[in-house]
Amino acid sequence: MNFFPTRRRFSSVINNAFFYIAEAFKSALKNSLMSVCSIITIFICASLLIISYSVAVNIRECLRQIESAVGIAAIIDDSVPDEELDKIYNAIADIDDVKEVHFVSAQAALASFADSLEEGSDIVMGLENDNPLRRSFEVVVYRAKDQKAVVKLLSSETFVDMGVVKVRQAQDVTEFLEGVSNFANIVCAVIIFVTAVLSVILITTTIKITVASRKNEITIMKYVGATDSFVKWPFRLEGAFIGGIGATVAAAVSAITYPLIVHAISEQFSFITNIASFLPTEEVFPIIAPIAIISGILLGALSAVGALRKYLEV
Amino acid sequence: MIRFKNVTKIYDTGIKGLKNVSFSVEKGEFLFIVGPSGSGKSTLIKLILKEEEPQSGEILIDGQNIANVSHKNVPYLRRQIGVVFQDFRLLPNKTVYENVAFAMQITDATHREIKRNVPATLSMVGLHKKARSYPRQLSGGEQQRVALARAIVNRPPILLADEPTGNLDPDTSWEIMMLLSDVQKQGMTVLVATHAWDIVDNMKKRVIALKNGTILRDVKGGYEN
Ligand SMILES: Nc1ncnc2c1ncn2[C@@H]1O[C@H](COP(=O)(O)OP(=O)(O)OP(=O)(O)O)[C@@H](O)[C@H]1O
Ligand SMILES: [Mg+2]
């Protein structure tokens, strides 16, 4: 007599696979109330995951755009004659981290200020002959983090002697925005973590109820000589199936609503869209949708097995 | 086939289920285990199934000490042993056919083997006409026949029955016992724990009488008062 496993025949592995799948579907349908509860749970968690991710990547993207858009302005004293501007230009362009330097004449500065006002640009009209704005060089660095060093250099004696009176920089703005971004990342990570824990608890509970109602069945299976994995597979598949459906629905719903929400925000808060644009659906969903669906499937399967453990000790 | 050597089982509560029990059953033998409630009949059966572990002594099946079968391999031990219980323990959502087929599905049986063995076994217990019924549509005696079919469909060398007639009327009980006897005639080793004294008296098989966890009598070839 042999009390040990023998090599399994391939055909029986296939047979078993069909049996597991059939059992999982039957069970999910039979316990439809529980299944619907679990699907809703996963749906909510997956939606939160997708929302958190979308918010985080959009904040990061907007920051990147803002950071590269806002440069440094080195303002030149009115007393510096035009002939010396070339010298200053060359000195700035020679700085290692500097990518571009543009001269902005006082008139150009005034015009762009008038543009930014949209309406009421007639306020500026009278100023053309008595321009309060000074000439400046607009300096763009390669990397936002180099700004501080460049600003320091431009404020140094060398440049002050040449006639740079003031250096205006976006550093403060970018630092603030970076702080916002880090905070948003942390909040999103916490939301994702908490919802993951919550969903494991909720799904485990739902499946535990399913399992408890099938305790007899499991005991009988074990008496007849079913291995633990044979007992587990249908439940595991049921959990995966439920998790997969919940997460897929969440991915579909958010893929449809995402552009609508982006549009609504852009309409409402046009100041954001003036400086930065949100990521399009095609750049967010090919990454997060598969992650959400796979997480849903794994979460469902793992919770199911977690719920089973107690009953396999027969 | 089955051999108990000085087996003692003490439950967590301190109650002794079995005390120093020794006996052996030959291949193809039919054995009744009788005794008052709490005498240790179910304990003995649970020990063979490795549902409980003895504190001391050895249980050998086909010469192998089942203490050496790891938890992981217990299912493979159980596939060599068919079991029937007082409360039938059928899966309520499966038909008669599916309940019996289930015992084959958990093994490496193919579709063809299942299609061949299940109807044959159902015929043997006289239930081939009820293959599509659900357990709740059957009488107690019929349900026990299904349970018996499930226990023997894989042709295990050993069949254990724990009060198989406990929920049945005398006539039905007799029919079930006759089926168990048929199973033995096909070469299986059969152990039946029971309260049904009249049947035991009539069947003239070997009887082990337990009391308070010890063997009171071991009478081969029939019970004579
Ligand atoms: N899981 C358990 N935990 C603690 N004690 C138990 C357990 N199972 C059985 N017992 C005790 O062990 C003794 C033997 O029980 P067992 O079930 O083997 O008796 P039995 O002969 O089958 O009785 P019955 O005819 O009523 O089924 C009893 O005193 C019982 O209370
Ligand atoms: Mg008992």
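Before any of the text, the structure's been laid out above.
Computed from a predicted model, the values in this text were never measured in an experiment.

On to the pattern of salt bridges, then. Pairing between side chains of opposite charge can happen when the charged atoms of each approach one another. All names here are of chain B. Scanning all chains against the criterion turns up 10 salt bridges over all chains. In this structure, the salt-bridge partner of D87 is R89, at a minimum N-O distance of 3.0 Å. Close ionic contact of E175 with R145 constitutes a salt bridge, the shortest N to O distance being 2.6 Å. Here E175, found in helix α6 (residues 170-185), pairs with R145, found in helix α5 (residues 140-152); they are 30 residues apart in sequence, far enough to count as distant. R145 sits in the buried class, given a relative accessible area of 16%. Taken together, the shared-partner salt bridges connect E29, R206 and D218 into one network.

Here the focus is the nonpolar core. Counting 68 residues, the largest nonpolar core has B:F32, B:L148, B:L159 and B:L180 as its most contacted members. Setting aside residues up to four positions removed in sequence, B:L159 forms contacts with B:G82, B:V83, B:V84, B:L148, B:A151, B:I152, B:L180, B:V183, B:T189, B:V190 and B:L191. If you look at the next biggest cluster of nonpolar residues, it comprises 31 residues, including A:F3, A:Y223, B:M1 and B:A193.

Right, let's talk about the interface of chain A and chain B for a bit. In this complex, chain A contributes 29 residues to the contact, which on the side of chain B involves 35 residues. Roughly 3,000 Å² is buried in total at the junction of chain A and chain B, and carbon and sulfur atoms are behind 58% of that figure. In terms of surface lost to chain B, no three residues of chain A exceed A:M1, A:F3 and A:Y223, which account for 30% of the buried area on that side. At the boundary of chain A and chain B, one finds 0 salt bridges. At the surface where chain A touches chain B, the tally comes to 3 residue pairs in polar contact (both at pLDDT 80 or more). Breaking the side of chain A that touches chain B down by element, the ones donating at least two residues are α1 (10-30), α9 (215-224) and α10 (228-268) of chain A.

A few words on a nonpolar patch on the surface. All names here are of chain A. Taken together, V36, I40, I44, L48, I51, V55, F183, V187 and I191 make up a surface patch of nonpolar side chains, about 730 Å² in accessible area. Among the elements of the structure, α2 (32-69) and α8 (171-213) are those that each provide at least two residues to the nonpolar patch. Top element by residues in the nonpolar patch is α2. It accounts for 6 residues. When you line up the elements, L48 lands in helix α2. We classify L48 as partly exposed; its relative accessible area is 30%.

Here we come to the site of ligand 1. Residue and element names in this part refer to chain B. The local shell around ligand 1 holds 13 residues, among which S37, G38, K41, S42 and T43 are the closest. Between ligand 1 and the protein, one listed contact pairs an oxygen atom with a side-chain N or O atom of S37 at 2.5 Å. At a separation of 2.7 Å, an oxygen atom of ligand 1 approaches a polar side-chain atom of K41. Calculation on ligand 1 without its partners gives an accessible area of 630 Å², and the protein chains cover 68% of this total. By residue class, the composition of the shell around ligand 1 is 3 nonpolar, 8 polar and 2 charged.

A few words now on the state of the cysteines. Put plainly, two cysteines are in a disulfide when a covalent bond ties their sulfur atoms together. Within this structure, the stated rule accounts for 0 disulfides over all chains. Lacking any disulfide linkage, A:C37 is separated from the closest cysteine sulfur, that of A:C45, by 13 Å.

Moving on, we get to α10(A). In a regular helix each residue adds 1.5 Å, so 41 residues correspond to 60 Å; α10(A) covers 57 Å between its end C-alpha atoms and thus fits that length. At A:T257, α10(A) shows its largest kink, close to 35°, and the proline A:P259 lies no more than four residues downstream.

Scoring rules and cut-offs
Residues numbered from 1 in each chain as written. Chains lettered and ligands numbered in written order. Predicted model: local features only at pLDDT ≥ 70, side-chain atom pairs only at ≥ 80, totals over all residues. Heavy atoms only, no water. Salt bridge = Lys/Arg side-chain N within 4 Å of Asp/Glu carboxyl O. Helix = DSSP H or I, 4+ residues; strand = E, 2+ residues; numbered from the N terminus. Buried < 20%, exposed > 50% of the residue type's maximum accessible area, 1.4 Å probe, protein only. Core = buried A, V, L, I, M, F, W, Y, C linked by side-chain atoms within 4.5 Å. Contact = heavy atoms within 4.5 Å. Buried area = accessible area lost by both parts, 1.4 Å probe. Polar contact = N/O pair within 3.5 Å; in protein donor to acceptor, adjacent residues only side chain to side chain. Patch = residues over 30% accessible without salt bridge, like charges linked within 9 Å, V, L, I, M, F, W, Y side chains within 5 Å. Areas by Shrake-Rupley, 256 points an atom, 1.4 Å probe, with all protein chains shown as cover. Near = heavy atom within 4 Å. Nonpolar A, V, L, I, M, F, W, Y, C, P; charged D, E, K, R; others polar. Disulfide = S-S within 2.5 Å. Expected span 1.5 Å × (residues − 1). Bend = angle between axes of the 7 residues up to and from the residue.

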